[in-house]
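The chain contents come next:
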Amino acid sequence: MSARLEIRTDVCTGCGLCTSACPFGALSLVDGTASVSDACTLCGACESSCPFGAILIRRTGTVAEGISGYSGTMVIAESREGAIDHSTLELLGAARAIAEAEGGPVSALLITSVAGDGPKVLSEHGADVVVVVEDPALGHYLTEPRAAITRRIITERKPAIVLAAATTTGRDLMPRVAKLLNTGLTADCTSLSFDPGKGCLLQTRPAFGGNIMATIVCEGTRPQMATVRPRVMKALDPDPSRTAEIVRIAPEPGELVSRVRLEGFRVLDEGIADIAEASVIVSGGRGMKTPENFSLLSEIAGLLGGSVGASRAAVDSGWIPYPHQVGQTGKTVQPRTYLACGISGAVQHRVGMQSSDTIIAVNRDETAPIFQFCSEGFVGDLFEILPALAKEIRRRRGSA
Amino acid sequence: MRIVVAMKQVPDTAEVRIDPERNTLVRDGVPSIMNPFDAYALEEGLRWKDALGGEVIALTMGPPQAEAILREAVSMGADQAVLLSDRAFAGADTWATSHTLAAAVAKLAPVDLVLTGKQAIDGDTAQTGPGMAATLDWPQLTFVGRVLGIEGGRIRVERYVEGGVETLDSSLPAVVTVLKDANTPRMPSLRGKMKARSLQVTVWTAADLGLPQSETGLEGSPTRVVRIATPESRSGGEIHRGSPEELAAILADILLGEGGGE
Ligand SMILES: Cc1cc2nc3c(=O)[nH]c(=O)nc-3n(C[C@H](O)[C@H](O)[C@H](O)COP(=O)(O)OP(=O)(O)OC[C@H]3O[C@@H](n4cnc5c(N)ncnc54)[C@H](O)[C@@H]3O)c2cc1C
């Protein structure tokens, strides 16, 4: 009794589509039919790639825990000194969209030492119910108390879906809770949608260094849990007429016990405007050639009230420090305008900026990948265009 | 100190390329490597063994060929190597992986510390460390940029979070996941290489760990990948050509209209 991959040799046409669909290189053609090696992880990519239904993954004896009785979407709120994080508001926006198809209520779980006007903010941004666990001992985030309380509230309230931001907090808390609840968790999702037919959340995330997007489901257990990359989902505009039901729950004394103690917290002031917050980002890549040339970008960013970003190539060359890096291994940004100068648009850069409202590219190579997904492309030498642009902005400002 | 370093063999994602014609991953000739973050976890384990005495055990779950990274770990200074390998482990998601690794840590008892990389570069989930800690009911310290000290059954670390650095102190045993900031991994030594060559890797199956099929591999995995695709392309917008002055004028129209705050 085990799960295994079955190839129906009578149906297989030897077309080879599955061999290129396999991310693990486990499939090959042997004597004109598909054949699987030990490298197979049973991920299922081939199953959906085969137009002839020749590949089946037989799942025997899969544990299907009770999934009935679970409904709605719960958002795990993050707050700092009483202020709700923007990432939480984005999750509420995503949860409302899921609720349209899923039908259940949107709830928010706020665990904090000071609730303040947090419940009101959560309500105005889309929560139907706000569960508040407020206690002086629940100030700075510590894993064990949060995990114990979160686990209990999920068990009691039975949401079908639980979302947290893919911050260091969410990515610390959620895997612990999911493991204890014996349910599935998908990390760092960039897109979520609800499949009403299957009753499942379709959770899409980048993998293999951003080279592929994988869609993951959690069919047999509840809740379906996901962490969601900040700045990808959109928060709704606050609606003051919305009033959520507020449920106050006290922590149990045993839940406040932590074997980890916080000795201190040092705020890191990076000394720069945080690009994650900027509404205009002027970004530079390898095409900038030298660190000095970044002053061209600072100048334009300054004129537009924006911040300076960079590709990894520029950061790795030491032209600008790491906190400015945009992309898979840097920050994800979602400004209104992203101006990319001398950046080719590699997939790892793109995943960090593709949800910007307007993407403008300046590049002298018209075959650069960035021209395939930007909103406005400018073909030419940035060392000619950018100084002309700075001059033009000054001229218009001066004559305005 | 008895330290277990949990590690993973991964394809070098820096070498993975997309075939533009077929829109699929090109894996031919892509080397398998020790997950880079795990090398920092190993170095951290070796540093504390050097300081306090004890031993470092390299642990991985994977197909038989994954023993290559265990030999590499031994060549760097690990004392023992354990490979969890069984067809029943195939298709494991992070729940089943952390469950299986935790069972091995329990079998290796007494263990003072489990170290692992922040995340693996193929899946990028960062979920296996906390999953192990949950299963073992141990405290967890994730995203650790520096281990400050280990003394009197306690560990002090710096955890790098949004906007700052936490200093945390925890009882042992604990699970710690490390960032690249933690240290600089050492090179294999000649003696280590010789030891690695003759090393007997311990291989444990699901039966050795006493795990039922329903808790390992695909069967024990609550999640399933249903689709793999290359990132969707947003169709290209308008492309402008012309003299620098012409282009600057159009750019200024767009920037000042949308984001210039005029
Ligand atoms: C696991 C992994 C993670 C990664 N993470 C990130 C990440 O977080 N962020 C990131 O950015 N990258 C990341 N990368 C790297 C990514 O693959 C690319 O290598 C990188 O984004 C390239 O940077 P670039 O566009 O600046 O350089 P290039 O690709 O070299 O492009 C430079 C561009 O500048 C143009 N140019 C040159 N001179 C001029 C000129 N005078 N005028 C106009 N245009 C000019 C060229 O035509 C070219 O298109 C990652 C890679 C891997 C494997």
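Here the structure is a predicted model, which means the values were calculated and not measured.

*Asks:* Can you help me understand the domain arrangement of chain A in this one?
*Replies:* Interface size is commonly expressed as the accessible surface area that is lost when the partners come together. Residue and element names in this part refer to chain A. Taken domain by domain, chain A consists of domain 1 (2–61), domain 2 (67–255) and domain 3 (271–396). Here the C-alpha centroids of domain 2 and domain 3 sit 33 Å apart. Interface area for domain 2 against domain 3, summed over the two sides, is near 920 Å², with a carbon-plus-sulfur share of 38%. The largest per-residue losses of area from domain 2 upon contact with domain 3 belong to Arg229, Arg231 and Lys234, which jointly make up 57% of the total buried on that side. Taken together, domain 2 and domain 3 are joined by 1 salt bridge. Salt-bridge contacts for Lys234 lead to Asp357; the nearest nitrogen and oxygen are separated by 3.1 Å. For the pair domain 2 and domain 3, the number of links is 2 residue pairs in polar contact (both at pLDDT 80 or more). Classifying every residue of the side of domain 2 that touches domain 3 by side-chain character gives 4 nonpolar, 3 polar and 3 charged.

*Asks:* For this particular structure, what's the right way to read the interface of chain A and chain B?
*Replies:* Between chain A and chain B, the contact holds 105 residues from the first and 90 residues from the second. Regarding the contact of chain A and chain B, the summed buried area is about 8,400 Å², with carbon and sulfur atoms giving 53% of it. Among the residues chain A hides against chain B, the three largest losses belong to Thr168(A), Lys179(A) and Arg259(A). Together they make up 9% of the total. Among the ionic pairs, Glu366(A) bridges to Arg241(B), the shortest N-O distance being 2.8 Å. For the interface between chain A and chain B, the tally reads 39 residue pairs in polar contact (both at pLDDT 80 or more). Class assignment for the residues of the side of chain A that touches chain B results in 48 nonpolar, 33 polar and 24 charged. Note that strand E14 (residues 212–218) of chain A and strand E14 (residues 223–229) of chain B share 6 bridges and pair antiparallel. Each residue of the ladder has a partner; that of Val217(A), found in E14(B), is Arg224(B).

*Asks:* Could you clarify how one ought to interpret the pairing of strand E10 (residues 161–165) of chain A in this entry?
*Replies:* Residues and elements named next belong to chain A. Among the 5 residues in E10, 5 count as buried, and that is most of the element. Covered by surrounding structure in E10 are Ile161, Leu163 and Ala165 together with Val162 and Ala164, the residues of both alternating faces. Here 5 bridges tie E10 to strand E15 (residues 224–228), and the two strands are oriented parallel to one another. Within E15, the position partnered with Val162 by the bridge is Met225.

Cut-offs used in this document
- Residues numbered from 1 in each chain as written.
- Chains lettered and ligands numbered in written order.
- Predicted model: local features only at pLDDT ≥ 70, side-chain atom pairs only at ≥ 80, totals over all residues.
- Heavy atoms only, no water.
- Domains from an automatic or database assignment.
- Buried area = accessible area lost by both parts, 1.4 Å probe.
- Salt bridge = Lys/Arg side-chain N within 4 Å of Asp/Glu carboxyl O.
- Polar contact = N/O pair within 3.5 Å; in protein donor to acceptor, adjacent residues only side chain to side chain.
- Nonpolar A, V, L, I, M, F, W, Y, C, P; charged D, E, K, R; others polar.
- Contact = heavy atoms within 4.5 Å.
- Pairing = 2+ DSSP bridges.
- Helix = DSSP H or I, 4+ residues; strand = E, 2+ residues; numbered from the N terminus.
- Buried < 20%, exposed > 50% of the residue type's maximum accessible area, 1.4 Å probe, protein only.

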